[in-house]
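# Breakdown of the fold
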Amino acid sequence: MTSGTGPTAPLWVGTSWKMTKSLGEARDFARALAGAATPGRWDGVQPFVVPPATAISTVAAVLAGTPVVVGAQNAHWADEGAWTGEISVPQVADAGARLVELGHSERREHFAETDATVNAKVRAVLRHGLRPLVCVGEPASVRAAGGAVPFVTAQVTAALAGVPRSEDVLVAYEPVWAIGDGGRPATPEDVAPVCAALRAELGDQVPLLYGGSVHRGNALELLEVAGVGGLFVGRGAWDVRDLIALLDLAAGSRGR
Ligand code: PGA
């Protein structure tokens, strides 16, 4: 599959389950997704699922042999050691993760994630041959003050300091005000200027995903924003039927 951001590059479309799903629910979801992943169905799309750490190995085992990439929601910058409660990149890789989400706004807000720790984690993920999926996005107050573009550009510059802008790195633009319950779904007009600035900052290799209140109804218009090469979905894909529908929509958009 061709990588990068050109017209034939895959559209990355996937979901983080955040802190939801039992092992049984995770297994059922993965089985349904594996069953739907018939050859050719999602050509042009790179599906991915990011379970909680408890379910990575279960989900990876069910999805082995399918095109679906399994990820982790976080990983520490150190390979091992006295870091109670943390999980290392080698450990999530051992469990079957091939991608690591980093810097989500919920982690920045509640768990003291900073641009510096995100950068250290990006380097660790790349050192072990996995893909970082770096989340950036401005809070509502910053947008209201007209500062979204410089804020988000600074976040991505810091997160990727010293890191080659290659296709191994993924970035998700997720405005904080658009995420989660109570989030306001963004319009293409909201998103376009920031995506244009990020595209200029990232060059032509790093895929740029959009996330925040994405659902079946707005997925296509957000995918059509210039520079956007994928979707990172929370609640709108926690039911496997919704993720399958979103993957079908993305594949269909490639066929048009
Ligand atoms: P949401 O979450 O789709 O539930 O708004 C998106 C995200 O946090 O990535």
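Computed from a predicted structure; not experimentally measured.

The next subject is the sheet that holds strand β7 (residues 208-211). Either a parallel or an antiparallel arrangement is found when strands of a sheet pair, and the pairing is made through backbone hydrogen bonds. Within the closed barrel, the eight strands sit side by side as β1-β2-β3-β4-β5-β6-β7-β8. Their pairing is parallel. Strand-to-strand twist across the sheet, computed as the mean angle between neighbouring axes with direction ignored, equals 25°. Of the pairings in the sheet, the one linking strand β5 (residues 131-136) to strand β6 (residues 170-173) comprises four bridges and is parallel in character. Its bridge partner being in β6, V136 is matched across the sheet by Y173. Along the sheet, helix α7 (residues 148-159) contacts β5 and β6; its crossing angle with β5, the most-contacted strand, is approximately 155°.

What follows is about the packing of helix α5 (residues 115-127) against α7. As a packed pair, α5 and α7 sit with axes 8 Å apart at the nearest point and diverge in direction by 45°. Viewed along their axes, α5 and α7 adopt a mutual orientation that is oblique. Each of D115, V118, N119 and V122 in α5 lies in contact with α7, whose residues at this interface are Q155, A158 and A159.

Counted by the stated rule, this structure contains 12 salt bridges. The salt bridge involving R41 is made with D248; its shortest N-O contact spans 2.8 Å. You can see R41 sitting in the loop between α1 (23-36) and β2 (45-50) and its partner D248 sitting in helix α10 (residues 240-255), a full 207 residues away along the chain. Judged by its relative accessible area of 33%, R41 falls in the partly exposed class. Sharing partners across several salt bridges, the network here consists of R107, E113 and K121.

Take the packing of α7 against helix α8 (residues 188-202) next. Direction vectors running N to C along α7 and α8 enclose 35°, while the axes themselves pass 9 Å from each other. Remark: the crossing between α7 and α8 carries right-handed chirality. In this structure, α7 uses A148, V149, V152, T153, V156 and T157 to contact α8, whose residues at the interface are P193, V194, A197, L198, E201 and L202. Looking at the contact of α7 with α8 residue by residue, the class counts come to nine nonpolar, two polar and one charged.

The rules behind the values
- Residues numbered from 1 in each chain as written.
- Predicted model: local features only at pLDDT ≥ 70, side-chain atom pairs only at ≥ 80, totals over all residues.
- Heavy atoms only, no water.
- Pairing = 2+ DSSP bridges.
- Helix = DSSP H or I, 4+ residues; strand = E, 2+ residues; numbered from the N terminus.
- Axes fitted to C-alpha atoms, helices over the stretch in contact; angles between N-to-C directions.
- Contact = heavy atoms within 4.5 Å.
- Parallel < 35°, antiparallel > 145°, perpendicular 65-115°, else oblique.
- Salt bridge = Lys/Arg side-chain N within 4 Å of Asp/Glu carboxyl O.
- Buried < 20%, exposed > 50% of the residue type's maximum accessible area, 1.4 Å probe, protein only.
- Left-handed = near helix turned anticlockwise from the far one by under 90°.
- Nonpolar A, V, L, I, M, F, W, Y, C, P; charged D, E, K, R; others polar.

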